[in-house]
Amino acid sequence: MTFREAINLAMIREMEADPSVFVFGLDVPDHKRIFGSTRNLVEKFGEKRCFGAPLSEDALTGITMGAAISGLRPILVHIRADFMLLGMNQIINMISCMRYMSGGKLNMPLVIRAVIGRGWGQSAQHSKSLHNFYAHIPGLKVVMPSKPQDGYSLLRAAIREDNPVIFLEHRWLYDVAGLVDETLKVPLGLTRVVRPGKSVTVVTTSWMTVEAIKAAEVLARRGIELEIVDIRTVAPLEEAKIVDSVKKTGHCIVADYDWVFCGFSAEIAALVHHRCFGQLKKPVERLGFAHVPCPTTRPLENIYYASAVNIIRTVEKMLGLDETDCSKDEFFSYEKNFKGPF
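Residue positions are counted from 1 within each chain, in the order its sequence is given. The predicted nature of this model means local features are confined to residues of pLDDT at least 70 and side-chain atom pairs, given and counted, to a pLDDT of 80 or more, with totals for whole chains, interfaces and linings taken over all residues. Excluded from the side-chain calculations are hydrogens and water; all other atoms, namely the structure's heavy atoms, are used.

**Description of the overall build of the protein chain**
Our working definition: In DSSP terms, a helix is any run of H or I states spanning at least four residues, a strand is any run of E spanning at least two, and both are numbered starting from the N terminus. Throughout, the radius of gyration refers to the C-alpha atoms, and the reference size of a globule is 2.2 Å times the residue count to the power 0.38. Exposed residues in this analysis have more than 50% of their type's maximum accessible area, buried residues have under 20%, and partly exposed residues fall in between, with area computed by a 1.4 Å probe over protein chains only. Only heavy atoms matter for contacts: two residues are in contact if any of them lie within 4.5 Å across the pair. The protein chains shown are the only cover counted for residues, whose accessible areas, like all others here, come from Shrake-Rupley with a 1.4 Å probe.
When its secondary structure is counted, the protein chain shows 12 helices and 12 strands. Against the 2.2 N^0.38 benchmark of 20 Å for 342 residues, the protein chain shows a C-alpha radius of gyration of 20 Å, consistent with a compact globule. In terms of principal-axis extent, the alpha carbons of the protein chain reach across some 60 × 45 × 40 Å. Here the protein chain holds 342 residues, and 58% of them are scored as buried. Long-range pairs, those at least 24 residues apart, make up 81% of the contacts in the protein chain with a sequence separation of at least 6. Summing over all exposed atoms, the protein chain offers an accessible surface of approximately 14200 Å²; the carbon and sulfur share of this is 56%.

**Re the sheet that holds strand β7 (residues 192-195)**
Applicable threshold: When DSSP finds two or more bridges between two strands, those strands count as paired. Axes here mean lines fitted to C-alpha atoms, for a helix over just the part in contact, with angles spanning 0 to 180 degrees between N-to-C directions.
Read from one edge of the open sheet, 5 strands run β7-β9-β8-β11-β12, paired in mixed fashion. Taken across any chain shown, the strands that pair with only one partner, and hence form the sheet edges, are β7 and β12 (285-289). Each neighbouring strand pair of the sheet contributes to a mean axis angle of 25°, computed without reference to strand direction.

**Here's the deal with the pairing of strand β1 (residues 21-25)**
Counting buried positions over the 5 residues of β1 gives 5, a clear majority of the element. Judged by which residues are buried, β1 turns out to be covered on both faces: Val-21, Val-23 and Gly-25 on one side and Phe-22 and Phe-24 on the other are all buried. The pairing of β1 with strand β2 (residues 50-52) spans 3 bridges and is classified as parallel. In the sheet register, Phe-24 faces β2, and the bridge partner there is Phe-51.

**Regarding the packing of helix α3 (residues 57-69) against helix α4 (residues 88-95)**
The cut-off we apply is this: For classification, angles of less than 35 degrees are called roughly parallel, those exceeding 145 degrees roughly antiparallel, those between 65 and 115 degrees roughly perpendicular, and all remaining angles oblique. Following the grouping adopted for this structure description, the nonpolar residues are Ala, Val, Leu, Ile, Met, Phe, Trp, Tyr, Cys and Pro, the charged ones are Asp, Glu, Lys and Arg, and the polar ones are all others, Gly among them.
Where α3 contacts α4, the two axes come as close as 8 Å, and the packing angle between them is 30°. On the basis of their axis angle, the class for α3 and α4 is roughly parallel. Here Asp-58, Thr-61, Gly-62 and Met-65 of α3 lie close against α4, whose contacting residues are Gln-90, Ile-91, Met-94 and Ile-95. Looking at the contact of α3 with α4 residue by residue, the class counts come to 4 nonpolar, 3 polar and 1 charged.

**Notes on the side chain of Glu-301**
Along the chain, Glu-301 falls in helix α11 (residues 298-304). Once you skip the residues sitting within four places of it in the chain, Glu-301 turns out to touch Arg-118, Gly-119, Gly-121, Gln-122, Pro-295 and Thr-296.

**Digging into the sheet that holds strand β4 (residues 111-116)**
Strand order across the open sheet formed by 7 strands is β2-β1-β3-β4-β6-β5-β10, with mixed pairing between neighbours. What marks the edges here is a single partner per strand, and that holds for β2 and β10 (233-235). The average undirected angle you get between the axes of adjacent strands in this sheet is 20°. Most of the contacts of helix α7 (residues 148-160) go to strand β6 (residues 165-170), to which it runs at about 160°, and overall it touches β1, β3 (73-78), β4, β5 (141-143) and β6.

**Let's talk about α3**
Stated precisely, the cut-off is as follows: A helix is expected to span 1.5 Å for every residue after the first.
Compared with an ideal rise of 1.5 Å per residue, which puts 13 residues at 18 Å, α3 spans 18 Å between its outermost C-alpha atoms and is within 8% of the ideal. By the burial criterion, the buried members of α3 are Glu-57, Leu-60, Thr-61, Gly-62, Thr-64, Met-65, Ala-67 and Ala-68. Against β1, β3, α4 and α5 (98-101) lie the buried residues of α3. Positive backbone phi, approximately 100°, marks Gly-71, located one or two places after α3.

**Focus: the layout of surface pockets**
A probe matching the size of a water molecule, rolled over the atoms, marks out where space remains unfilled. Keep this limit in mind: Residues are said to line a cavity or pocket when one of their atoms sits within 4 Å of a point; the points come from a 1 Å grid over protein atoms alone, cavities being sets where a 1.4 Å probe fits but cannot get out and pockets being open sets with protein on both sides within 12 Å along at least five of seven lines. Grid points are joined across faces, edges and corners, and a volume is the space filled by probe spheres set on the points. Each domain's extent was defined by an automatic or database domain assignment.
When its volume is computed, the second largest pocket comes out at roughly 260 Å³. Considering the residues around the second largest pocket, the lining is formed by 13 residues, among which Asn-132, Ala-135, His-136, Phe-264 and Glu-267 are closest to the centre. Elements that contribute at least two residues to the lining of the second largest pocket include exactly α6 (131-135), β10 and α10 (264-275). Within the lining of the second largest pocket, the residues separate by chemical class into 8 nonpolar, 3 polar and 2 charged. When we break the lining of the second largest pocket down by domain, the ones giving at least three residues each are domain 1 (3-175) and domain 2 (192-319).

**Quick notes on the domain arrangement of the protein chain**
Our working definition: Buried area is calculated as the accessible area (1.4 Å probe) missing from two parts once they are joined, with the contributions of both summed. A pair is scored as a salt bridge if a Lys or Arg side-chain nitrogen falls within 4 Å of a carboxyl oxygen belonging to Asp or Glu. In the analysis that follows, any N or O atom pair within 3.5 Å is treated as a polar contact, provided that within protein one partner can donate a hydrogen and the other can accept it, and provided that, for residues neighboring in sequence, both atoms belong to side chains.
As far as domains go, the protein chain holds domain 1 (3-175) and domain 2 (192-319). One C-alpha centre belongs to domain 1, the other to domain 2, and the line joining them spans 27 Å. Between domain 1 and domain 2, the contact holds 29 residues from the first and 27 residues from the second. A combined buried area of about 2300 Å² lies between domain 1 and domain 2, and 55% of that area is made up of carbon and sulfur atoms. Of all residues in domain 1, the largest losses of buried area upon contact with domain 2 belong to Arg-118, Met-144 and Ser-146, amounting jointly to 25% of the total for that side. Between domain 1 and domain 2 we count 3 salt bridges in total. Counting every contact that joins domain 1 to domain 2 gives 16 residue pairs in polar contact (both at pLDDT 80 or more). Only α6, β5 and α7 provide two or more residues apiece to the side of domain 1 that touches domain 2.

Now the structure itself:
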């Protein structure tokens, strides 16, 4: 099934199993249904458990917190992560620390789904990720799935979690298809080795996992085997698979879906340098957004965002290789499926 179908099915299964689960947010029940991810929820569960809301992010976030404290399991959907910032006081000063301040007496079982990423000229106010910021705050769990199975399993785990979860979905992922096992449970906090290899470790988040897989396919023609480690859950972070992989390959590239400066990639680089210093053959390299506001036009977007080509060229530089001829390879193929901003 596609990523959008996996997200949709995860919510259906949890809503079937637990009547306290409900979904709401701007445009959740409209004809587009958040890229199709909330399709059939109104028809199946009624308007009391799936409904739209006014454009007031601070109020919506406060309602989400109040519902969670009252024993419900709300799923708040933001069609763009950028505007979660308008609910930041609720998230940072109240939701994240409520269990601590109540001495563990108040659970906070809520999920905030937010769409991130590029496509269709999203530009500076509609393309942020911000996972590094949320991961910086104690009490928040931050999830970034990169394939349908993880979208399904991790969303179900997030809904069952008694702590607040920020669940970030890249808009290009919605058309990515893959096998989904409904019985597979994936707890929060586990990284995943997507592709084993011995040449270079590439640590990835969100869409950069897809780009790294493409880069690995191109480089494999030259006998270069990338080991791709998909973070999946930024907070809590499982360090062991990252460390073990870098100790094996001796090389590490962090391909993060965010700005590089003061970003999550710096945290991974610090971890690797601290834990793998004796095994590193070269310094850790970091890839991410250019340190400017996101541009609107497609050619500038292709420069702003790190891609499979950037990973390929970084690997070649790290290993002292000539450039691979990529003229016959197709990149950015998934964006052909992206039809518009909603």
